[in-house]
Amino acid sequence: MLVTPWLLARLGSRRMVQVSLAGYCAAGLGVGLASSQWQLFAGLAGWGLFLGALDVSMNTQGITVQAAAGRPIMSGLMGRGAWARSPAPPLGRLGWRSASR
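The model shown is predicted, which means the values in this text are computed figures rather than measured ones.

Student: I'd like to hear about helix 3 (residues 37–69), residue by residue, with values.
Tutor: With 33 residues, helix 3 ought to run about 48 Å at 1.5 Å a step, and its terminal C-alpha atoms sit 47 Å apart, in line with that. Considered for burial, the residues of helix 3 that qualify are G43, G46, G52, A53, L54, S57 and G62. At the C-terminal side of helix 3, G70 shows a positive phi close to 75°.

Student: Provide a residue-level description of the side chain of S20, including the pertinent values.
Tutor: In this structure, S20 sits in helix 2 (residues 13–33). Here the side chain of S20 touches M16 through a polar contact of 2.7 Å, landing on its backbone oxygen. In this structure the side chain of S20 is engaged in a polar contact, spanning 3.3 Å, whose partner is the backbone oxygen of V17. Aside from chain neighbours lying at most four places away, what touches S20 is F50, A53, L54 and S57.

Student: Give me the lowdown on the environment of R71, citing residues and values where you can.
Tutor: Assignment of secondary structure puts R71 in the loop between helix 3 and helix 4 (74–85). Judged by relative accessible area, which is 54%, R71 ranks as exposed. In this structure, the C-alpha to C-alpha distance between R71 and L51, residues 20 residues apart in sequence, is 28 Å.

Student: Just give me the short version of the side chain of S57, but keep the residues and values in it.
Tutor: Summarising the element assignment, S57 is placed in helix 3. A polar contact of 2.7 Å, which involves the side chain of S57, links it to the backbone oxygen of A53. Apart from residues no more than four positions distant in its own chain, S57 is found in contact with L8, S13, M16, V17 and S20.

Student: Residues and numbers for a nonpolar patch on the surface, please.
Tutor: Together, L40, L44 and W47 give the surface a local cluster of nonpolar side chains, amounting to about 240 Å² of exposed area. One can find W47 in helix 3. Residue W47 is classed as partly exposed on the basis of its relative accessible area, which comes to 31%.

Student: Report on the packing of aromatic side chains, specifying residues and quantitative values.
Tutor: Aromatic ring pairs are defined here through the distance separating the ring centres and the angle between the ring planes. For the coordinates displayed, the defined rule picks out 2 aromatic pairs. Ring geometry for Y24 against W47: centres 5.6 Å apart, planes inclined by 20°, an arrangement best described as stacked. Here the residue Y24 occupies a position in helix 2, and W47 occupies one in helix 3, the gap between them amounting to 23 residues.

Student: Could you give an account of the environment of G28, naming the residues involved and the relevant values?
Tutor: Looking at the element boundaries, G28 is found in helix 2. For G28, a relative accessible area of 24% puts it in the partly exposed group. Measuring from C-alpha to C-alpha, the distance between G28 and F50 comes to 9.9 Å, with 22 residues separating the pair along the chain.

Basis of the calculations
Residues numbered from 1 in each chain as written. Predicted model: local features only at pLDDT ≥ 70, side-chain atom pairs only at ≥ 80, totals over all residues. Heavy atoms only, no water. Helix = DSSP H or I, 4+ residues; strand = E, 2+ residues; numbered from the N terminus. Expected span 1.5 Å × (residues − 1). Buried < 20%, exposed > 50% of the residue type's maximum accessible area, 1.4 Å probe, protein only. Polar contact = N/O pair within 3.5 Å; in protein donor to acceptor, adjacent residues only side chain to side chain. Contact = heavy atoms within 4.5 Å. Patch = residues over 30% accessible without salt bridge, like charges linked within 9 Å, V, L, I, M, F, W, Y side chains within 5 Å. Areas by Shrake-Rupley, 256 points an atom, 1.4 Å probe, with all protein chains shown as cover. Salt bridge = Lys/Arg side-chain N within 4 Å of Asp/Glu carboxyl O. Phe/Tyr/Trp six-rings, centres within 6.5 Å; stacked < 30°, edge-to-face > 60°.

Laid out in structure tokens, this is it:
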């Protein structure tokens, strides 16, 4: 997490979103494929680190887009993100129910 600002300055927010999203997805696979406590710990630690970097990178990219637009749009971006995540819990529940039969 401490290297995120340095990486943002070197890579830019757009590239950093891409890199941290790829790392977040890969770490999620590591969590799912963990076969020991230590592998699970490492997978969850990586998942958390990449999620933190992704969050900072997305907010930085949003500020860049807002500056280019010349008007306030961050609240709209945050609202769209919340709406985009809202179907996930019920869909996850449906998947769990079908997998447990």
